[in-house]
Amino acid sequence: MRFSIKLHFLVLAILFLLPLFASAIKADTLYFLNGVKITCEIKNLKLGKLTVKTVNMSTVNIKLEKVSMISSPFIFEIILDDRTKIYGTISKGPKQGQVILTYDKTELVVELLDIISIIPIKNNFFQRIYGSYDLGFSAVRSTRTVQLNSSLEVNYRTKKNMHTINSDIKLSKTDTFLFNNQNDSYAFTRYFKGNTFASPSIGWQKNTELGINNRLILILLYGFNPVQNNHNVMALSGGLVSNNEQSTSGDESSSIEVNLNAKYDLFIFSHPDIVLTAAAAFFPSLTEKNRYRLNTNFKLKYEIFNDFYLNITFYYNLDTRPPESSPSKYDLGVTIGISYSFGS
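Residues numbered from 1 in each chain as written. Predicted model: local features only at pLDDT ≥ 70, side-chain atom pairs only at ≥ 80, totals over all residues. Heavy atoms only, no water.

A.B. asks: Hey, could you run me through the nonpolar core in this one?
C.D. replies: One broad rule of soluble globular proteins: the nonpolar side chains tend to lie buried together. Counting residues in each nonpolar core, the largest one holds 22 residues, and the members touching the most others are Leu30, Leu50, Ile70 and Ile115. Mapped by element, the contributors of at least two residues to this core are strand 1 (28-32), strand 2 (37-46), strand 3 (49-54), strand 5 (67-80), strand 6 (85-92), strand 7 (98-103) and strand 9 (115-120). In terms of residue count, the dominant contributor to this core is strand 5 (five residues). Setting aside chain neighbours within four positions, we find Leu30 in contact with Val36, Lys37, Ile38, Cys40, Ile42, Leu50, Val52, Ile62, Met69 and Ile70. (Core = buried A, V, L, I, M, F, W, Y, C linked by side-chain atoms within 4.5 Å. Buried < 20%, exposed > 50% of the residue type's maximum accessible area, 1.4 Å probe, protein only. Helix = DSSP H or I, 4+ residues; strand = E, 2+ residues; numbered from the N terminus. Contact = heavy atoms within 4.5 Å.)

If you want it as structure tokens, here you go:
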């Protein structure tokens, strides 16, 4: 637990220093429908929102439908609404609302609103890092319960691969018990054509409310995105899990599980922005009869100002056959906190 907390504070310090190393030339140009144009650095296009950094270093979120054309000499990963993925440059199209994508000595004219994702393919190590940090605290006087939650996600993106580190801590204290729920993991994701991907990962978990002192899991997944547009993103994946557990009483066990995952993001571009996320992971055991695990969470992110959000999260974890030392078969709660998004 101490290591995870130290890691969170270390990364927080790095986040504030990151802009010193990640500065880039502002050579991208946006042309608006009202005739205005700006020079900027395109950070990304996601869920209908174009995020750019202007010449005065401020980050601005722009609704894509307000943009007429884009021009940039840099290489991007560009995904169209028909799931076509292109690695190339973007330049002004023959008329308003169109751009030219140049790749492999080919020029393709597309409608700007047919583009659902733009991700810079950057050469600078620090420019490829992005993620988010969440921090929340709550106290319930009637039950004398105090809860602290801290969550960190760091991503490193290359042309076809993604490296992801996740660390999540939830501490709940009552007059009688201290419950410790931790989840640390590393995942490598390889992207293929047709919005498909493969992702091996390794993780360590602790959940004293479910009687788990240590859990080491190795996961191999294959998945795809059946829905991906400027307002909705869905990811489905499945695979196998090696699960090695140590209970709070010291008992050890190993099992093989199936892992089925579903995640859905709904983006509401208003003022402020709102993002709704629902995720579920189902683990039926192949080696332990009548045992399955279920992890779910529902998150609402409400933008306060650029890169800072108010987070409200509901989570529910179930284990039908937890260790005998477990005081419960399920663990649930609501967390409220502030989220900061960094990088591209």
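A.B. asks: What am I meant to see in the packing of aromatic side chains here?
C.D. replies: Note on aromatic pairs: each is described by the distance of the centres and the angle between the planes. If you walk through the whole model with that rule in mind, you get four aromatic pairs. Between Phe298 and Phe314, the aromatic rings sit 6.4 Å apart at their centres with planes inclined by 25°, giving stacked as the arrangement. Taken together, the residues Phe298 in strand 19 (residues 292-305) and Phe314 in strand 20 (residues 308-319) connect sequence positions 16 residues apart. Here the aromatic rings of Tyr316 and Tyr330 are separated by 6.2 Å at their centres, their planes lie at 25°, and the arrangement is stacked. Taken together, the positions of Tyr316 in strand 20 and Tyr330 in strand 21 (residues 330-343) put the pair 14 residues apart, joining distant regions of the chain. Here the basic side chain of Lys92 rests over the ring of Tyr31, its NZ or CZ set 4.6 Å away from the ring centre. Its guanidinium or amino end placed over the ring of Tyr309, Lys301 lies 4.6 Å from that ring's centre, counting from NZ or CZ. (Phe/Tyr/Trp six-rings, centres within 6.5 Å; stacked < 30°, edge-to-face > 60°. Lys NZ or Arg CZ within 6 Å of the ring centre and 35° of its normal.)

A.B. asks: Teacher, can you tell me more about the pairing of strand 11 (residues 145-157) here?
C.D. replies: Look at any regular strand and the pattern is simple: side chains alternate between the two faces of the sheet. In the sheet, strand 11 pairs with strand 12 (residues 161-173) via 12 bridges, with the strands oriented antiparallel. The residue bridging Asn149 from the neighbouring strand is Lys170, located in strand 12. Connecting strand 11 to the antiparallel partner strand 12 that follows it, the hairpin turn spans three residues. (Pairing = 2+ DSSP bridges.)

A.B. asks: Just checking my understanding: could you explain the pattern of salt bridges for this structure?
C.D. replies: One side chain can pair with another of opposite charge once the charged atoms of both are near each other. Inspection of the entire model under this criterion finds 11 salt bridges. Between Arg215 and Asp319 there is a salt bridge; the shortest N-O distance is 3.9 Å. A residue pair is termed long-range when its members are at least 10 positions apart, and Arg215 in strand 15 (residues 212-228) and Asp319 in strand 20 qualify at 104 residues. Residues Arg215 and Asp319 agree in their burial class; the two are buried. Here Glu245 and Arg291 are joined by a salt bridge, their closest N and O atoms 2.9 Å apart. Within this pair, whereas Glu245 is found in strand 16 (residues 232-247), its partner Arg291 is found in the loop between strand 18 (274-284) and strand 19, the two being separated by 46 residues in sequence. Judged by its relative accessible area of 7%, Glu245 is buried. Within this structure, Arg215, Glu245, Glu288, Arg291 and Asp319 form a network of salt bridges that share partners. (Salt bridge = Lys/Arg side-chain N within 4 Å of Asp/Glu carboxyl O.)

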